[in-house]
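Now for the letters of each chain:
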Amino acid sequence: MNTLRTTMLLAAMTALFMGVGFLIGGSGGMIIALLIAAGTNLFSYWNADKMVLSMNRAIEVDEKNAPEYYAIVQALAKQAGLPMPKTYLIDSPQPNAFATGRNPENAAVAASTGLLERLSHEEVAAVMAHELAHVQHRDTLTMTIVATLAGAISMLGNFAFFFGGSRDNNNPFGFVGVLVAMLVAPFAAMIVQMAVSRTREYEADRRGAEICGHPLWLASALDKIARGAERIPNPDAERNPAMAHLFIINPLSGERMDSLFSTHPSTENRIAALQDMAHAMGGASAAARREAPAPTAADETPAGPWGKPAEPAPPAEPAPPKPNPWGRNPTGPRNVRPKGPWS
């Protein structure tokens, strides 16, 4: 299904390129646009992930310079049955994260320093589980291709005025066609981002909650990220809005002004779905306990070493979540690693 979806997306993007090219330069412009689209599609498949990481100035980390963050991703990847993805940090105060890569064998996950500074250990784990769910569902190929091609479509629309106004080309619509291309292309890029179904976020939320085992961890993380994204700008994302749909929460400051065309579902709806999932999981656990067989004599507490029944150990209380597992340094404790890029 994901392969079919990606193929249909590429076909739609190619047709859109050709349509804009026809409006700009007639049949000759359409052929040129087709060649550009074919080259862009091929380039996107192999290099879109590198471009996205570069545009966000992400730096790869490992167990030496980001031990706790790397260990979280490593444990979650093992839990999900995935190869260990490359792990990146983005030097940005806005809490956010994304995944990229054409397949699980060539995947990468990235989190901002703001995410590691503002979220607890459990919430960071839930966010990275969500991103690994995208990797597992192979959403990352579609997401990276859309990010690259949507930007290319907008660029083609910007070039329309300069290359489409000549009377010597084959444009059958003249300057009117150029104006249509200039107006349609940016909206088309927005529609392409919307074409990446919002349901993938709900599905990644669901699978991410299964991987980390606690839906409410992710619900709490989404609330914190959404509130942080409202207050803290992300200049890199603002300069490259075509990649906004890659992030777990829309990083653009104007998201609420344009909710109809938002690339993400409502955060409130996502949190409500996770709360329902947690309630269902709690109900299933309670039902399992009710259906468990009554203990028999053989199940009684065994005798201790001196013939007396051994007292059962009291249940361990879960440790309270740490408000910030890394203190002031988001990449890990200073005393166990060399100095990192944001120490």
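Before any of the text, the structure's been laid out above.
Describing the nonpolar core
Counting residues in hydrophobic clusters, the biggest one holds 41 residues, and the most contacted among them are Y69, L76, L115, V127 and M128. Sorting the residues of this core by element identifies α2 (67–80), β3 (97–100), β4 (108–112), α3 (113–118), α4 (121–136), α7 (199–212), α8 (215–231) and α10 (267–291) as the ones contributing at least two each. When residues in this core are grouped by element, the largest group, 8 residues, is from α4. When residues no more than four places from it in sequence are discounted, the contact partners of V127 are A97, L115, L119, L218, A221, I225 and I248. The next biggest cluster of nonpolar side chains, apart from the first, holds 12 residues, and it includes V52, I90, A110 and L246.

Details of the pairing of β3
Residue alternation in β3 divides its side chains into two sets, A97 and A99 and F98 and T100, and both sets are buried. For β3 and β4, the ladder comprises 4 bridges, and the chain directions are antiparallel. In the sheet register, T100 faces β4, and the bridge partner there is A108.

Let's talk about α2
With 14 residues, α2 extends 20 Å between its outermost C-alpha atoms, agreeing within 8% with the 20 Å of an ideal straight helix rising 1.5 Å per residue. Among all positions of α2, only P67, Y69, Y70, I72, V73, L76, A77 and A80 are buried. Each element contacted by the buried residues of α2 is listed here: β1 (58–61), β2 (86–90), β4, α3, α4 and α7. A positive phi of about 75 degrees marks G81, the residue just after α2.

A closer look at the pattern of salt bridges
Within the structure shown, the criterion is met by 10 salt bridges. For D223, the salt bridge goes to R227, with nearest N and O atoms at 3.0 Å. One end of the pair is D223 and the other is R227, both in helix α8 and 4 residues apart, which spans about a single turn. Judged by its relative accessible area of 38%, R227 falls in the partly exposed class. Between R239 and D236 there is a salt bridge; the shortest N-O distance is 2.3 Å. Pair noted here: R239 and D236 are both in helix α9 (residues 235–239), with a separation of 3 residues, about one helical turn. One salt-bridge network, held together by shared partners, links R200, E201, D205 and R270.

Reading the values: rules and limits
Residues numbered from 1 in each chain as written. Predicted model: local features only at pLDDT ≥ 70, side-chain atom pairs only at ≥ 80, totals over all residues. Heavy atoms only, no water. Core = buried A, V, L, I, M, F, W, Y, C linked by side-chain atoms within 4.5 Å. Buried < 20%, exposed > 50% of the residue type's maximum accessible area, 1.4 Å probe, protein only. Helix = DSSP H or I, 4+ residues; strand = E, 2+ residues; numbered from the N terminus. Contact = heavy atoms within 4.5 Å. Pairing = 2+ DSSP bridges. Expected span 1.5 Å × (residues − 1). Salt bridge = Lys/Arg side-chain N within 4 Å of Asp/Glu carboxyl O.

Spatial relationships are all this shows, so hold off on functional conclusions.
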